[in-house]
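# Structural description and commentary
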Amino acid sequence: MDKNLKLSELILRGAEVAKGQCWGCLRNDRDELCVIGAAYLGKHGELPKTLKTKEAIYSLSLPNTYNEIIDKKKEFGMSGVNENIPGTLVWLNDKPHWSFKRIADWLISKGL
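The following paragraphs examine the structure supplied in this document. (Residues numbered from 1 in each chain as written. Predicted model: local features only at pLDDT ≥ 70, side-chain atom pairs only at ≥ 80, totals over all residues. Heavy atoms only, no water.)

### Quick notes on helix α1 (residues 7-17)
Taken as a whole, α1 has its buried residues at L7, S8, L10, I11 and G14. Down the axis of α1, the buried side of the element spans an arc of 160 degrees, and every buried residue falls inside it. Exposed side of α1, more than 90 degrees from the buried face: E16 and V17 are the residues found there. Taken together, the buried residues of α1 touch α2 (35-44), α5 (85-94) and α6 (100-109). (Buried < 20%, exposed > 50% of the residue type's maximum accessible area, 1.4 Å probe, protein only. Helix = DSSP H or I, 4+ residues; strand = E, 2+ residues; numbered from the N terminus. Arc of directions from axis to C-beta. Contact = heavy atoms within 4.5 Å.)

### Regarding the pattern of salt bridges
Counting across every chain of the model gives six salt bridges. Between K19 and D31 there is a salt bridge, with the nearest N and O atoms lying 3.8 Å from each other. Highlighted residues: K19 in the loop between α1 and α2 and D31 in the loop between α1 and α2, separated in sequence by 12 residues. Owing to a relative accessible area of 61%, K19 belongs among the exposed residues under this scheme. One salt bridge in this structure joins K101 and D105, with 2.8 Å as the shortest N-O distance. Separated by four residues within a single helix, K101 and D105 lie in helix α6, roughly one turn from each other. (Salt bridge = Lys/Arg side-chain N within 4 Å of Asp/Glu carboxyl O.)

### As for the packing of aromatic side chains
Applying the stated criterion across every chain yields a total of one aromatic pair. With a centroid separation of 6.3 Å and an interplanar angle of 80 degrees, the aromatic rings of W98 and W106 are classed as edge-to-face. (Phe/Tyr/Trp six-rings, centres within 6.5 Å; stacked < 30°, edge-to-face > 60°.)

Spelled out as structure tokens, the structure:
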């Protein structure tokens with residue numbers, strides 16, 4: 001697995017083999033994944049059953065903050081969520097239910 005892909009590429013790669021998208025958890029009982037799970041799968045090629053969301057985020061080595069991400073959160077009226085990339089991705093996945101592709105397309109537009 002190429003570990004030097006951009007975050008958007010990792011999400012799209014993971015989405016190709018994911019059984020579907022879920023909300024509110026890393027993986028549900030149908031083995032559908034959230035956006036963090038798709039990115040992890042895209043990077044590592046597998047998603048261990050015992051993996052926790054925080055461990056998956058850490059393994060992705062994401063930058064902590066990004067001004068464009070913070071602006072997107074303000075646009076959607078997000079509050080009470082950390083202003084960081086993982087928190088924003090989880091929010092976009094769980095609240096407005098953006099698809100993997102839509103999240104990846106948005107990240108591409110930001111160079112990520």
